[in-house]
Every structure is written in C-alpha cells, then in structure tokens.
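# Observations on the model geometry
Here's the letter readout for the chains.
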Amino acid sequence: MRSEWRNAVYLLASLSLGNLGNFIYLVCINILVYNNTGSATAVAALWLIGPLTNIITKFWTGSYIDFRSKRKIMIQTYIARGSLIILIPLMPHIVFIYIILILLSIANAFFGPSSMTYITVIIPKDMRKRFNSIKSFTSSTAFMIGPAIGGSLILLLDLQTTLWINGGFFILAALLLMKIADKENLDLKSAPKLTLKQVIDDFGVVKHFMKQNLYVSAIYLGFIFVMVATFAMDAQEIVFTQQVIGLSETEYSLLISITGIGSVAGGVILSFLSNNFSLRFMISIGILLSSIGYVIYALSWSFISITVGFVVLGFFLVFLNAGITTFYQNNVQLDLMGRVTSIIQLVQSAAQVLLVLVVGFLGDILSLRITIIGLSLSMLILSFIFVYFVNETKYNYLYKDTA
C-alpha cells in the first residue's frame, strides 16, 4: 500500500504541474496571438484548434496507445509540449506560431487517453475515487491560480520569459513521472503496426465493446454531450458577460477568480469526504447542480447573479468530474481504454465544433441571451433524464468503487 500511495503522489504531482502549465500557457498564448494579430477572431480561433485537431488525430491515437507504454507516451508528450512552448517566442511569424499550436494539440490528443488509462493501471480500484477527487481539487486550484501566476510572471518578467518558464513546468512534470516504475507488461515487438486496416479493425473492436456494455457507454456518452453544451456556452462566455450582462473587464476577471474559489471549495470538501459519498451521489448531484448553475448564468442580469451561477457550477463540476471519471475507469476494459477514450473524444470534438458554430449562428439570428437560455435549459432537462438512468437499481454493481 505504501508504494501505491507513493506512485499516486508522484502521478498526482505530475498531472497537477501539467494542469498548472496548461492554464499559464492559456494566458500567454491568448495575449501573444492578440498582440501579433490585433484580431479577436484570431484569438477565438484558438478555441477550435484543439477540437479540429482531435477530429483528425483521434481516429488512430487509441490504436497506438493501447499497445504501448502509457507512461512513456505521457513522458514523451510532456517533453514535446514543453519543448514546443519554449520555441514559441522564437517564431518569426504568426503562421509558425499556429503550426506549433497544432503540434501542441496533437501532443494533447495522445496525452488525454494515455493519462486516463495510466491512472487506471497505477491506482487500485478502491483508491480511485479518492485519487480522482484530489485530482479534481488540484485541477480546480490550477484553474484559479494558473492565470494569476501567468499574469504575474508576464508583469514581472515578460511574455517570452514566461513561456520559457511555462515550458519548464512540462519538463518537470515528465521528470516526476520518471520516478514511477513502468508497471505495464507490454511486448512492443508484438504490437501491431499502425496501419489503416488496424485502425478500422480497432473501430470494430470498440463498437463491439460498446454494444456489449451499452449502459456504461450510454452513461458516459450522456455525460460527454452535457459537457459539449458547457463548452459551447463557455466559448461565448466573454461576449455574453460583457455585451449581454454588461460586465467590465475587471468584473469579468474577478468573476473568473470567484468561480475558481468555488471549484477549489468543492475540491477540498470532496478530497476529505469522498469516501462518504457514493459514485451515484457524486454524479447525480454534480450534473444537476452544475446544470442549475448554468441556468442561473443564462438568466443573470447583474454581477451578483452571474457570480452565484458560476460559484454553483464551479463547485459541483468537481463532484461530477471525479464521479464520472471513476465510473469510467472502473467499467471500461483496461486493454481497450485508450481506443475507447480516443473514439469518444473524437465524437466529443466533432460535436463541440458543430455546437460552437450553431450557437454562434443562432446568437446572430436570434440573440445570444435566448440561445444561451435555450441551451442551458436543454442541458437541465437532459440532466434530469441522465440522473434517472444513473439511479436505476439493476445497475448497482457498476457503481461499486471497491475491489
């Protein structure tokens, strides 16, 4: 048990450092792109690079990941991301910066399914709920302090130096992962070659798994589609808060900080009390209250009302993410998890791109207020249906979180 917690601490520290680096990078790259182009559209395009890259890469990343060491892939992607971020300030033109951003998105496409699977390998079933709860807490903390650290470093130093320091965060995250012994017994020589036939065959394998595990697939896909709705609303967040609600830039920055405090509070409570909450409770309360938070946000008319909505959704998204992640890790076959995760994320990315475009279009045709209200209410209705299926008693065995 001591070695298991030791591995958990190193893994958690690595993931937390990577998360912190992601949020510092987000601040830096938004400022850099805006300074280089002066275009709000160019900055908005940053929202679509990840999903569009995922659509291209997720077809085959799972086929690569499942037959190779997830730990080594995570280390390689950390080093690649750190190195690419360090190169950004040296680029002579915005075109080269966007090329690096695409390469970073490709590295992220490998990292997501690898980390999901590796956590399942390293963390025993009876420790996963606690681990994912603490991980949600550290993610919330990174969300709150990452932009503040990034902004402070830019003010104290400059954008170029901040990006170099940011790259170092990812290199350090890779070094922490190297402290964990590689527990996967994989024979690289027996790994199939990454061919078109292999990718097509793997789609068939995933399809068969999802048909055989229809309930697990439906629950996780239901969660994904609810998250797609949140992504579409988040993509319009700045426009909605400033043009519809009328918040100033200072109020918007304060709002984000307060949301972070709500997320951290949820993470702290969950980290200490996760063993007292069932997976069903975490998922149900998480999705319902997060949806209510978005409805409050959509109906808001002032800084106070929108703050209430953001604190509620920030607090309960932590419960939802920790609960659904543990459910997924406990019920998806380990040797297929990379492929299943990649294909689900492919569907998610396609839906994100489509819904962001639809929300933008409807916002112009109708109004952004009506569009966001409609989307948030749809999300709430879907959440009630989702909770009904989560609490079906005949599937009790799928929600056990002990070995």
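Here goes a summary of the coordinates provided. For every chain, the first residue of the written sequence is number 1, and numbering continues from 1 onward in sequence order. Selection of residues for local features in this predicted model requires a pLDDT of at least 70, selection of side-chain atom pairs for listing and counting requires 80 or more, and totals for whole chains, interfaces and linings are taken over all residues. Values shown for side chains rest on all heavy atoms present in the structure; no hydrogens or waters enter the calculation.

Our next topic: the overall build of the protein. Only DSSP runs of H or I with at least four residues qualify as helices, and only runs of E with at least two residues qualify as strands; both kinds are numbered from the N terminus onward. When you go through the protein residue by residue, the secondary structure sums to 15 helices and zero strands. By its C-alpha atoms, the protein is 55 × 55 × 45 Å across when sized along the principal axes. Taking all 403 residues of the protein together, the buried fraction comes to 53%. Within the protein, counting contacts between residues at least 6 apart in sequence, those at least 24 apart form 87% of the total. The buried label applies to any residue whose accessible area, calculated with a 1.4 Å probe on protein chains only, is under 20% of its type's maximum; exposed applies above 50%, and partly exposed to all values in between. The contact criterion used throughout is that any non-hydrogen atoms of two residues lie within 4.5 Å.

What follows deals with a nonpolar patch on the surface. Patch membership is restricted to residues that have no salt bridge and whose relative accessible area is over 30%. Joining uses 9 Å for like charges and 5 Å for the nonpolar side chains Val, Leu, Ile, Met, Phe, Trp and Tyr. Here the Shrake-Rupley method, with its probe set to 1.4 Å, supplies the accessible areas, and only the displayed protein chains count as covering residues. Any Lys or Arg side-chain nitrogen found within 4 Å of a carboxyl oxygen on Asp or Glu counts as a salt bridge. On the surface, Leu354, Val358, Phe361, Leu362, Ile365, Leu366 and Ile370 cluster together to form a nonpolar patch covering roughly 670 Å² of accessible area. Looking at the nonpolar patch, the element that brings in the most residues is helix H14 (residues 337–365), giving five residues. For Phe361, the position within the fold is in helix H14.

Before going further, it helps to spend a moment on helix H3 (residues 46–65). Since the α-helix turns once every 3.6 residues, residues separated by three or four places project in the same direction. In this analysis the local bend is the angle between axes fitted, respectively, to the seven residues ending at and the seven residues starting at the residue. Along its length, H3 reaches its greatest deviation from straightness, about 55°, at Thr57. Among the residues making up H3, those that are buried are Leu46, Leu48, Ile49, Pro51, Thr53, Asn54, Thr57, Lys58, Thr61, Gly62, Ser63 and Ile65.

Another aspect to go through is the environment of Ile123. Mapped onto the secondary structure, Ile123 falls in the loop between helix H5 (94–122) and helix H6 (125–156). On the basis of relative accessibility, which here comes to 1%, the residue Ile123 falls in the buried class. Sequence spacing of Ile123 and Ile55 is 68 residues, and the spatial spacing of their C-alpha atoms is 30 Å. Apart from residues lying up to four places away in sequence, Ile123 is in contact with Ala8, Leu11, Arg128 and Phe131.

Let us now look at the pattern of salt bridges. Scanning the model with the defined rule gives three salt bridges in all. Between Asp66 and Arg339 there is a salt bridge, and its shortest N-O distance comes to 2.7 Å. Residue Asp66 is located in the loop between H3 and helix H4 (70–87), and its partner Arg339 is located in helix H14; the two are separated by 273 residues in the primary sequence. Of the two residues, Asp66 and Arg339, neither departs from the other in class, the shared state being buried. Close ionic contact of Lys197 with Asp201 constitutes a salt bridge, the shortest N to O distance being 2.9 Å. Residue Lys197 and its partner Asp201 are both found in helix H8 (residues 196–212); the two are separated by four residues, about one turn of the helix.

Aromatic pairs are defined between Phe, Tyr and Trp rings, using the six-membered ring for Trp, whenever the two ring centres lie within 6.5 Å; interplanar angles under 30 degrees are classed as stacked, those over 60 as edge-to-face, and all others as tilted. For the structure shown, the criterion picks out 19 aromatic pairs. Judged by centre distance (5.4 Å) and plane angle (70°), the rings of Trp60 and Phe110 are edge-to-face. Pair noted here: Trp60 is in helix H3 and Phe110 is in helix H5, with a separation of 50 residues, a long-range link. The exposure class of Trp60 is partly exposed, given its relative accessible area of 29%. The exposure class assigned to Phe110 is buried, which follows from its relative accessible area of 12%. In textbook terms, an aromatic cluster arises when at least three aromatic residues are bridged by ring pairs, as seen for Phe277, Phe281, Phe315, Phe316 and Phe319.

Take the buried Ala, Val, Leu, Ile, Met, Phe, Trp, Tyr and Cys residues and link them wherever side-chain atoms come within 4.5 Å; each set so joined is a nonpolar core. In terms of nonpolar packing, the biggest core is built from 55 residues, with Phe327 and Tyr399 touching the most fellow members. At the level of secondary structure, the elements contributing two or more residues to this core comprise H8, helix H9 (214–235), helix H11 (249–273), helix H12 (279–299), helix H13 (303–331), H14 and helix H15 (368–390). Among the elements that line this core, the one with the most residues is H9, at 12 residues.

What follows is about the environment of Phe96. Within the secondary structure layout, Phe96 lies in helix H5. The sequence separation of Phe96 and Gly314 amounts to 218 residues, and the corresponding C-alpha distance is 35 Å.

Lines are fitted to the C-alpha atoms to define the axes, a helix being fitted only along its stretch in contact, and any angle between axes, read from their N-to-C directions, falls within 0 to 180 degrees. Following both chains from N to C, one finds H14 and H15 inclined at 135°, their axes separated by 7 Å at the closest point. The angle between the axes of H14 and H15 places the two elements in the oblique class. Along the contact surface, H14 presents Leu355, Val359, Leu362 and Gly363, while H15 presents Leu368, Thr371, Ile372 and Leu375. Across the contact of H14 with H15, the residue classes tally to six nonpolar, two polar and no charged. Between 65 and 115 degrees an angle is taken as roughly perpendicular, under 35 as roughly parallel, over 145 as roughly antiparallel, and anywhere else as oblique. For this scheme, ten residues count as nonpolar: Ala, Val, Leu, Ile, Met, Phe, Trp, Tyr, Cys and Pro. Four count as charged, namely Asp, Glu, Lys and Arg, and the remainder, Gly too, count as polar.

Before going further, it helps to spend a moment on the environment of Tyr78. Note on placement: Tyr78 falls in helix H4. Sequence separation of Tyr78 and Ala232 is 154 residues, and the distance between their C-alpha atoms is 28 Å. Ignoring sequence-local partners within four residues, the contact set of Tyr78 consists of Ser14, Leu15, Gly18, Phe111, Phe170, Ala173, Ala174 and Leu177.

Before going further, it helps to spend a moment on helix H7 (residues 159–177). End to end, H7 covers 28 Å across 19 residues, agreeing with the expected 27 Å (1.5 Å per residue, within 8%). Inspection of H7 places Leu159, Thr162, Leu163, Asn166, Gly167, Phe169, Phe170, Ala173, Ala174 and Leu177 among the buried residues, and these make up the whole buried set. Mapping the buried residues of H7 onto a view down its axis gives an arc of 145°, with all of them on the same face. Contacts described as polar in this section are N or O atom pairs within 3.5 Å, which, within protein, must combine one atom able to donate a hydrogen with one able to accept it, while residues neighboring in sequence count only if both atoms come from side chains. Where H7 begins, one side-chain oxygen reaches toward the backbone nitrogen of Gln160, 3.2 Å away; that side chain belongs to Asp158. Expected span of a helix: the number of residues minus one, times 1.5 Å. Arc, as used here, means the arc of the directions from the helix axis to the C-beta atoms.

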